[in-house]
Amino acid sequence: MKDRYLDFVNSPFGASVARSIGLPQPIVLRRHAQGRPEFGGIAAIGAGPSPTLFEPLITLLTSIGMTSVAHESALGWLPVAARHGAMSGRFEPRSPGAAPNDRVQALIFDATGITDSTQLHALYSFFHDAIRSVAKSGRIVVLGRQPQSCTSPRAWTAQRALEGMTRSLGKEARGGISSNLVQVEPGADIEGALRFLLSPRSAYVSGQIVHIDTTPVTQPADWNQPLAGKRALVTGAARGIGAAIAQVLADRGAHVIGLDVPQAQDALDQTMLALEDAWPSQGAHTALVADIAAPEAPETIAAALLAVGGIDIVVHNAGITRDKTIAKMTEAAWDSVIDVNLSAQERIDDLLLDQNVLHAGGRIIGVSSISGIAGNLGQTNYATSKAGVIGRVQSMVEPLRARGITINAVAPGFIETQMTARIPLGLREAGRRMNSMSQGGQPVDVAETIVWLASPASAGITGNVVRVCGQSLIGA
Ligand SMILES: NC(=O)c1ccc[n+]([C@@H]2O[C@H](COP(=O)([O-])OP(=O)(O)OC[C@H]3O[C@@H](n4cnc5c(N)ncnc54)[C@H](O)[C@@H]3O)[C@@H](O)[C@H]2O)c1
């Protein structure tokens, strides 16, 4: 659905009207576009005491073609960069009125060595000096440790404090700039997560905390085609977010098995044919017609997937709403939402796992919602089901670990689809604007996040819930 306000404030006339009467001025977010370089520009590096990630960081920046400058909090960066033959220099705070091309594309702060609240001052020094230097649609990434893994209460406390800093930066930065915290276990591979969080693919992901464990990672041979040779099931693929997931999966090299209900068969066929037209070298993708809530669905789906040799990625995207306050809600509305959005997924996963249809090293990604985190008026059934999706992720991490299967969820905020087009105008406008990006997300924003979690480089990311909500004010 079109966001007319966004178009208006990005026209010369609209921009001047919005400026003169103080209206919010969301920018058109920079998203991935075919043929446009994904990375470039300068990253400014800051750090607390004893940073641990300079080596993998300089390797990453070199491989994605970004140069760097070191803030005075991170002067140890300069010899590391020099050792890698990488161009670097000292960061100079941006003087007022400096040309926009003086700006940096990313601020990266290594906080992994912070073990005491007094050391948090380094965050102040860096971000106080650097925040005004970030370009529009720039990126802020803070690297820390998982608080629970810290051995001393003081280290735990200081690491937990990073969440408040990172989230506040996301709210202050504006201009499409995102701010995220990555909690890195010692020795974990950060490349996949940082490539995503520094790229335009994460345009609508802000205020998030991602945890990476030390599971060994196989880097893709080609970072543009990380899913080459993988097969992916997407439920609810006929339209909306599911169709976008199918497109990004195919774009990144996967063979897609798109599933939807019989009533949506025409739309599903069109979506799957469009994939073949866009990426002819991959051949035909597969359309599978089934109602996931039907009692026979797990067997039907497992048989269809076994017929193509099993599956590597399962994306549980199909979902429905039947909104009413609890007093007015019919029993059927409660039952159908819980069944489609939650119980059906459990039944399907259980069979796919029992019969080894989902290969070892596979990926399961559930689609939750910020309603499942915050609750929502008129959505007791929906919010219950979507909170259950998060519970499913958390409860399955350990049982799946031995098979190298990761399980994560994305929790979209307000995304422009037919589902949100049905929301009454006033509520819809509020949903769109009440986030740090002052706009709704696009289906592709959810799809890009799912594809990142599905990638081989995300082997160390499991049990996470990543909100794709532009840092919505609703929920955590
Ligand atoms: N749009 C948003 O803002 C938003 C926000 C948070 C979460 N979500 C979640 O994202 C997912 C996709 O949402 P959307 O906006 O694209 O919705 P949508 O209604 O546009 O598409 C959902 C698709 O799922 C299919 N589907 C429904 N029931 C099914 C069943 N029993 N079996 C098989 N397929 C079924 C539908 O036919 C449809 O093609 C849903 O899980 C939704 O709850 C959406």
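Parameters and conventions
Residues numbered from 1 in each chain as written. Predicted model: local features only at pLDDT ≥ 70, side-chain atom pairs only at ≥ 80, totals over all residues. Heavy atoms only, no water. Helix = DSSP H or I, 4+ residues; strand = E, 2+ residues; numbered from the N terminus. Contact = heavy atoms within 4.5 Å. Polar contact = N/O pair within 3.5 Å; in protein donor to acceptor, adjacent residues only side chain to side chain. Buried < 20%, exposed > 50% of the residue type's maximum accessible area, 1.4 Å probe, protein only. Domains from an automatic or database assignment. Buried area = accessible area lost by both parts, 1.4 Å probe. Salt bridge = Lys/Arg side-chain N within 4 Å of Asp/Glu carboxyl O. Phe/Tyr/Trp six-rings, centres within 6.5 Å; stacked < 30°, edge-to-face > 60°.

Turning our attention to the environment of Ser-369. Residue position: Ser-369 is located in the loop between β12 (358–367) and α12 (370–374). Counting along the chain gives 106 residues from Ser-369 to Gln-263, while the straight-line C-alpha distance between them is 25 Å. Non-local contacts of Ser-369, meaning those with residues more than four positions away in its chain, are made with Tyr-382, Lys-386, Val-410, Ala-411 and Pro-412. A distance of 2.9 Å separates a polar side-chain atom of Ser-369 from the backbone nitrogen of Ser-371.

Turning our eyes to something else, we now look at the environment of Arg-231. As for its placement among the helices and strands, Arg-231 is situated in strand β8 (residues 231–235). What makes Arg-231 partly exposed here is its relative accessible area of 22%. Residues Arg-231 and Leu-358, spaced 127 residues apart in sequence, show a C-alpha to C-alpha distance of 9.8 Å. The residues contacting Arg-231, other than those within four sequence positions of it, are His-255, Ile-257, Val-308, Gly-309, Gly-310, Ile-311, Asp-312, Ile-313 and His-359. A polar contact of 2.8 Å, which involves the side chain of Arg-231, links it to the backbone oxygen of Gly-310.

With that settled, the discussion passes to the domain arrangement of the chain. According to the domain assignment, the chain consists of domain 1 (31–212) and domain 2 (231–468). On a C-alpha basis, the centres of domain 1 and domain 2 stand 31 Å from each other. Facing the 22 residues of domain 1 at the interface are 25 residues of domain 2. Counting each side, the surface lost to burial between domain 1 and domain 2 is near 2000 Å², with a carbon and sulfur contribution of 52%. Counting across the interface, domain 1 meets domain 2 through two salt bridges. Of the charged contacts, one joins Arg-31 and Asp-445 as a salt bridge, the two residues approaching to 2.8 Å between their closest N and O atoms.

Moving on, we come to the packing of aromatic side chains. Going through the model one piece at a time under the given rule, you end up with five aromatic pairs. Residues Phe-196 and Trp-452 carry aromatic rings whose centres are separated by 4.4 Å and whose planes lie at 10° to one another, so their mutual orientation is stacked. Of this pair, Phe-196 sits in helix α7 (residues 191–198) while Trp-452 sits in helix α16 (residues 443–454), and the two are 256 residues apart along the sequence. Each member of the pair, Phe-196 as well as Trp-452, is classed as buried. Connected via pairs of aromatic rings, a cluster forms that spans Phe-109, Phe-126 and Phe-127.

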